[in-house]
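# Report on the structure
So the chains spell out like this:
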Amino acid sequence: MIEQVSSVRSRHDLVRKVNQQRIMKIVSEQNPIGIPQLIKLSGLSRPTVDQIVELFLENGLIRESGFTQGRPGRKAALYELDPNTGFGVGVDLGGSKIACAIADVGGKILVQEYEQITPDGGTQIIAQIIELIQKVCKKADIPLEKIRQIAIGTPGIISEDGKLSLGANIGNLDGMHLSNILRKLFDVDVDVENDLNLAAVGEYLHGAAREVMNFALIQLGTGIGSGIFVDGHLVRGSRGAAGEVSFLPLFGNPEDPWAIENGLAESVLGTKGILKRYNALCGKDMSVTVKEVFERAATGETEGKQLVDEIGKHLAYVAVCLKAIADPELIIIGGGIGSNPALLPIVQSWANKLVPFEVEIKSTSLEAKAGVIGAAAYAAEKIRTRMMVETTERKSHE
């Protein structure tokens, strides 16, 4: 009985959180806006919208920005984001690229920047992050002191103190405390999170999984990984390693030390594994990129078509594992390789052959932007949550 009550409370809290996110997003996009428009665009009831607006006003997230003429003799207040709340910055570190974005407190992306990641690795990557943060602030005409939160997504497992491990696809970052370094430099809170987790946040708030409570995102690019949402909450696991599907022992050579260290699934599905398999099919070193393999497959090349079919089949095995374990209502396929449109029908076909129940699979709607959009949106949500907690604590001491 206690568990049932707890479940009801959790569901109520979840619905309330989703409603608040919906209103905040609308205010951010329609800035300024009145109550009647909020009701129409959100689909929520008048009492619910009134309650959320009052909460946001009380916490300093929004403010009145004037009035508009309503019914004869009446004026309706207009609301906008309070610029004093500051801004969130998101950084997405990939195997070959680095992206940075700045968002208002509503999670609306104001500026995005993308660069090839420096091959020098280590401290040079940190220097590149700092320069990108400065660049997006300058382009958005936002002073650095207005930044209130930074979120960084990176491959690998991140400890509670921000120490990175298993960052094999990014040079010489293992053991570095990114959060401590950036916190001291910018004097703001900094969270370092697994990049797939933040990409899942991006899909949840702005992409194919918008307001879907249970879903999984699989990204395939330089490597492979996933982010999982259960009942509207990101799943991290005991070590922050939930979703590390690269280590699924579905295929690959268990006698290969590199495959064990980087993941058996990744040894087959990651960029290195795909190109190794293509060379084997062709019987020689072809010196091509994965993109070129897909292009050759599209022209009808036998080896290319066979490999694309194999990639789709292997992705389906990973998707079905996630479906069996976490039971998501939706699985999203993304990443530099995974978002190739040739893969989706193959993955869908194989996944629904492997199990006796339906597996809904879609391609990402954010393409390669999911990680940086999710990081910036995550930073914005941290600002909102912190302000609400501060208001609650202040009222408790009054």
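The structure presented is a predicted model; accordingly, all values stated were derived computationally and were not measured.

## Some remarks on a nonpolar patch on the surface
Taken together, Leu250, Tyr317 and Leu354 make up a surface patch of nonpolar side chains, about 220 Å² in accessible area. Looking at the secondary structure, you find Leu250 in the loop between β13 (233-234) and α7 (257-262). Leu250 gets classed as partly exposed once you look at its relative accessible area, which sits at 34%.

## A look at the pattern of salt bridges
Under the defined criterion, the tally for this structure stands at 13 salt bridges. The salt bridge partner of Glu310 is Arg277, with a shortest N-O separation of 2.8 Å. Of the two residues, Glu310 sits in helix α11 (residues 302-326) while Arg277 sits in helix α9 (residues 271-282), which places them 33 residues apart along the sequence. Exposure remark for Arg277: the relative accessible area of 32% places this residue in the partly exposed category. Measuring nitrogen to oxygen at the nearest pair gives 3.9 Å for the salt bridge that ties Lys362 to Glu360.

## What about the nonpolar core?
Ranked by size, the top nonpolar core spans 36 residues in total, and within it Ile218, Ile224, Ile311, Leu315, Val318, Ile331 and Ile361 carry the most contacts. Of all elements in the fold, only β11 (215-220), β12 (224-230), α8 (264-269), α9, α10 (290-298), α11, β14 (330-334) and α12 (344-354) reach the threshold of two or more residues within this core. Considering every element that reaches this core, the biggest residue donor is α11, with nine residues. If near-sequence neighbours (up to four positions away) are discounted, Leu315 is found in contact with Ile218, Leu220, Ile224, Leu269, Ile333, Leu343 and Val347. By size, the runner-up hydrophobic cluster in this structure holds 32 residues, among which are Val18, Leu217, Leu366 and Ala377.

## Concerning the packing of α9 against α10
The N-to-C vectors of α9 and α10 enclose an angle of 45°; their axes lie 10 Å apart at closest approach. Taken together, the axes of α9 and α10 lie oblique to each other. The interaxial crossing formed by α9 with α10 has left-handed handedness. In contact with Thr271, Ile274, Leu275 and Tyr278 of α9, α10 contributes Val290, Val293 and Arg296. Here the contact of α9 with α10 is composed, by residue class, of five nonpolar, one polar and one charged.

## What to know about the pairing of β14
Counting buried residues along β14, five of its five residues qualify, which places the element largely inside the surrounding structure. Taking every second residue as pointing to the same face, both faces of β14 are buried, with Leu330, Ile332 and Gly334 on one and Ile331 and Ile333 on the other. Relative to β14, β11 runs parallel, the two sharing five bridges. Within β14, the residue paired with Ala216 across the bridge is Ile331. Of the pairings in the sheet, the one linking β14 to strand β15 (residues 361-363) comprises three bridges and is parallel in character. Across the sheet, the residue bridging to Ile332 is Lys362, located in β15. In the classification by handedness, the crossover that spans β14, the intervening α12 and the parallel β15 is right-handed.

What counts, and at which threshold
Residues numbered from 1 in each chain as written. Predicted model: local features only at pLDDT ≥ 70, side-chain atom pairs only at ≥ 80, totals over all residues. Heavy atoms only, no water. Patch = residues over 30% accessible without salt bridge, like charges linked within 9 Å, V, L, I, M, F, W, Y side chains within 5 Å. Areas by Shrake-Rupley, 256 points an atom, 1.4 Å probe, with all protein chains shown as cover. Salt bridge = Lys/Arg side-chain N within 4 Å of Asp/Glu carboxyl O. Helix = DSSP H or I, 4+ residues; strand = E, 2+ residues; numbered from the N terminus. Buried < 20%, exposed > 50% of the residue type's maximum accessible area, 1.4 Å probe, protein only. Core = buried A, V, L, I, M, F, W, Y, C linked by side-chain atoms within 4.5 Å. Contact = heavy atoms within 4.5 Å. Axes fitted to C-alpha atoms, helices over the stretch in contact; angles between N-to-C directions. Parallel < 35°, antiparallel > 145°, perpendicular 65-115°, else oblique. Left-handed = near helix turned anticlockwise from the far one by under 90°. Nonpolar A, V, L, I, M, F, W, Y, C, P; charged D, E, K, R; others polar. Pairing = 2+ DSSP bridges. Right-handed = clockwise from strand over helix to strand, strands pointing away.

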